[in-house]
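# Residue-level structural notes
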Amino acid sequence: MGSGSRIDHQHHLIATTASASISASDDAQHFGVAEEQQRLIGEILRLGERIELGQASDAEARRFTEARDELRSELGSDDPPSDGGRLPESAPDGEESVAQEARELEGQVLLGQATIEQSERLAELHARLQPAEDRAVQRAAAQQVLDEMLVEQQAAAALHVQARDRLPDEVVSYEEDFGAFQRAYDAARERAARGEAAIPYLTEDATGGLGAREGGRAFGVELEFDVDGDYDTRSEARERIALDMYRAGLSRDEGVHEYHAQQYAGYTDAANAWRMESDCTVSGEIVSPILYDEPATWQNLATMCEIIERHGGHASFRTGGHVHVGMHDYGVDVANHFRLMQTYKAYEDVLYRLAQNPGAPGNRHRGSRWCTPNQVPAGGYRDLYAVEDSAYHGQAVNLSGARGRQSDHGEFRLWDGSLNPSVIQTQVKLSLGITAAAVRDAGSTRGPAGGDPVQLGGHRQRLREAGLLGRRLNGEQWRSSTLSFRRLVDEVFHRAQDKEQATALFASTRWQVR
């Protein structure tokens, strides 16, 4: 993606492998594709793949037929004509009697006196009376929509294969090699004891390809901050921060913009597109441009944090750090979204631990008022509407930006506000890793100890019940307490340095309460 391009220009990788096709019906009359049609297409493609692989149940086979018929109806002539679907002024040769019947039925419909059977008959006659060239154009338009959706699905499938092939053959496993984890944990504690930064900050290939411009995922951050003092003090601080952002080449102007101004203006990956926005819940919020794992990104992030702190900004119990991650390869297959949310739910408690700002007084997380734990249905999602219903704004993981398009993205809202670039970078990498794992590790059933998800507050509750809360753990108790973290980093990272960085964050945080 070149400088200044929009987020919907994500990388396209088109698969050229053979695939089943869907044909538009002869009477297709829609030139665009509505969300309901997108949902049906995604469902048909998913069920069709299972049928081809011999994995479909009888119920799924029946549903495939039903969904296909529904789509044909959506793209066909089964609905009564709308105001724009009037009869042609003159009937085709030999169709005068048909036209007369249609006009009589149309009168009944317009008066609201038509039965369901009469409305269906009118739709049938209306399609019959359309000029042949119009029907051909309509069929071509509908077929083009279906072909484009099929290409999107093929591209997503190819990206899944690419992600799996990128993994090295040999990786260190913290689940199997407890000693590797322990060494990384001890090293982080020793750095902190010496007064050094416990969590490393990487600037070259920081994500191991997860956030690469080519073949990785775009991401973005929102940095909330507070300033002590009255309204005028906070307002002056925002203005000074905005001015220094402009002077540093991070923003295009020195203004303080309204809430969500960046979203309405449109996102870009230009380096000078950071923006200061007002936020009624905190003193201010910095919204980044579209970012990739490049040295300039991490240098700009560090500069941004330094500017905020220079003018009295700090992370408080009110502030959050939101990470947006591209989901261009998810498509309309809700199985991808389900795996992502299963991963989140399986590691919910340890993720909230890693979400804590290590610099917060008392090692406390800010709470879950603005990042409520998600509820994930055991049976998966019916469609993208169901995904949004259980992963919306205000929850730990927000998937309201999932629409089956190349510009799709998810938002990880559970992270505390922080102005420590190392903390932010580690949480960005965890967000990227979880998003990538959902499409890379299809079929994986790994999870925390015993295979049971540990919800927020679960570890503290177990330690309290065992009389171990607040005590230093040793031996098997320590192994058991760290198992969910070790499994998490094994699932989302393959490089030792990424696991070591996440371990340093783990060593700097504590288990949280609900």
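Preceding this section is the structure that the text describes.
Residues numbered from 1 in each chain as written. Predicted model: local features only at pLDDT ≥ 70, side-chain atom pairs only at ≥ 80, totals over all residues. Heavy atoms only, no water.

What follows concerns the overall build of the protein. Within the protein, the secondary structure is distributed over 16 helices and 7 strands. Across the protein, every contact between residues at least 6 apart in sequence was considered, and the portion connecting residues at least 24 apart equals 75%. (Helix = DSSP H or I, 4+ residues; strand = E, 2+ residues; numbered from the N terminus. Contact = heavy atoms within 4.5 Å.)

What follows deals with helix α7 (residues 231–247). The terminal C-alpha atoms of α7 lie 25 Å apart, and with 17 residues this matches the ideal 24 Å at 1.5 Å per residue to within 8%. Of the positions making up α7, those classed as buried are Ser235, Ala237, Arg238, Ile241, Ala242, Asp244 and Met245. Looking at the buried residues of α7, the elements they touch are β1 (219–227), β2 (275–277), β3 (284–287) and α9 (295–310). A side-chain oxygen of the first residue of α7 lies 3.3 Å from the backbone nitrogen of Asp232; this N-cap is Asp230. After α7 finishes, the residue Gly249 shows a positive phi value of roughly 80 degrees. (Expected span 1.5 Å × (residues − 1). Buried < 20%, exposed > 50% of the residue type's maximum accessible area, 1.4 Å probe, protein only. Polar contact = N/O pair within 3.5 Å; in protein donor to acceptor, adjacent residues only side chain to side chain.)

Turning next to the side chain of Asp244. By the secondary structure assignment, Asp244 is in helix α7. The class for Asp244 is buried, based on a relative accessible area of 11%. A distance of 2.6 Å separates polar atoms of two side chains, one belonging to Asp244 and the other to Arg310. Beyond its immediate stretch of four places on either side in the chain, Asp244 contacts Ile307, Arg310 and His311.

With 20 residues, helix α13 (residues 421–440) should cover 28 Å at 1.5 Å per step; its first-to-last C-alpha distance of 28 Å lies within 8% of that length. In terms of burial, α13 is a largely internal element, 20 of the 20 residues being buried. Where α13 starts, the residue carrying a side-chain oxygen 2.9 Å from the main-chain nitrogen of Ser422 turns out to be Asn420.

Our focus in this paragraph is the packing of α9 against α13. The contact between α9 and α13 brings their axes to 10 Å, and the two run at 135 degrees. Classified by the angle between their axes, α9 and α13 sit oblique to one another. Two packed elements cross with a definite hand, and for α9 against α13 that hand is right-handed. From α9, Trp298, Leu301, Ala302 and Cys305 reach across to α13, where they touch Pro421, Ile424, Gln425 and Val428. Class assignment of the residues belonging to the contact of α9 with α13 gives a composition of 7 nonpolar, 1 polar and no charged. (Axes fitted to C-alpha atoms, helices over the stretch in contact; angles between N-to-C directions. Parallel < 35°, antiparallel > 145°, perpendicular 65-115°, else oblique. Left-handed = near helix turned anticlockwise from the far one by under 90°. Nonpolar A, V, L, I, M, F, W, Y, C, P; charged D, E, K, R; others polar.)

Ranked by internal contacts, the top residues of the largest apolar core, which has 88 residues, are Trp274, Ile286 and Met304. The greatest single-element share of this core, amounting to 9 residues, is contributed by α13. When residues no more than four places from it in sequence are discounted, the contact partners of Met304 are Leu223, Ile241, Met245, Leu250, Trp274 and Ile286. Formed by 8 residues, the second largest nonpolar core is a distinct cluster that contains Leu40, Ile41, Leu47 and Phe64. (Core = buried A, V, L, I, M, F, W, Y, C linked by side-chain atoms within 4.5 Å.)

Inspection of the secondary structure puts Pro358 in the loop between α11 (348–355) and α12 (384–390). Sequence separation between Pro358 and Asp416 is 58 residues; the distance between their C-alpha atoms is 9.2 Å. Setting aside its immediate chain neighbours within four residues, Pro358 contacts Asn363, Val423, Leu505, Ser508 and Thr509.

Summed over all chains, the structure comprises 13 aromatic pairs. Centre to centre, the rings of Phe219 and Trp298 are 5.7 Å apart; their planes meet at 20 degrees, and the pair counts as stacked. Of this pair, Phe219 sits in strand β1 while Trp298 sits in helix α9, placing them 79 residues apart in sequence. One aromatic cluster is present, built from ring pairs that chain together Tyr174, Phe178, Phe181, Tyr185, Trp478, Phe485, Phe506 and Trp511. Its guanidinium or amino end placed over the ring of Phe178, Arg479 lies 4.3 Å from that ring's centre, counting from NZ or CZ. Its guanidinium or amino end placed over the ring of Tyr174, Lys499 lies 5.7 Å from that ring's centre, counting from NZ or CZ. (Phe/Tyr/Trp six-rings, centres within 6.5 Å; stacked < 30°, edge-to-face > 60°. Lys NZ or Arg CZ within 6 Å of the ring centre and 35° of its normal.)

Burial within β1 is extensive, with 9 of its 9 residues counted as buried. Residues Phe219, Val221, Leu223, Phe225 and Val227 line one face of β1 and the alternating positions Gly220, Glu222, Glu224 and Asp226 line the opposite face, and both faces are buried. Pairing analysis gives 5 bridges linking β1 to strand β5 (residues 321–326), with the strands arranged antiparallel. Each residue of the ladder has a partner; that of Val221, found in β5, is Val323. Here 4 bridges tie β1 to β3, and the two strands are oriented antiparallel to one another. (Pairing = 2+ DSSP bridges.)

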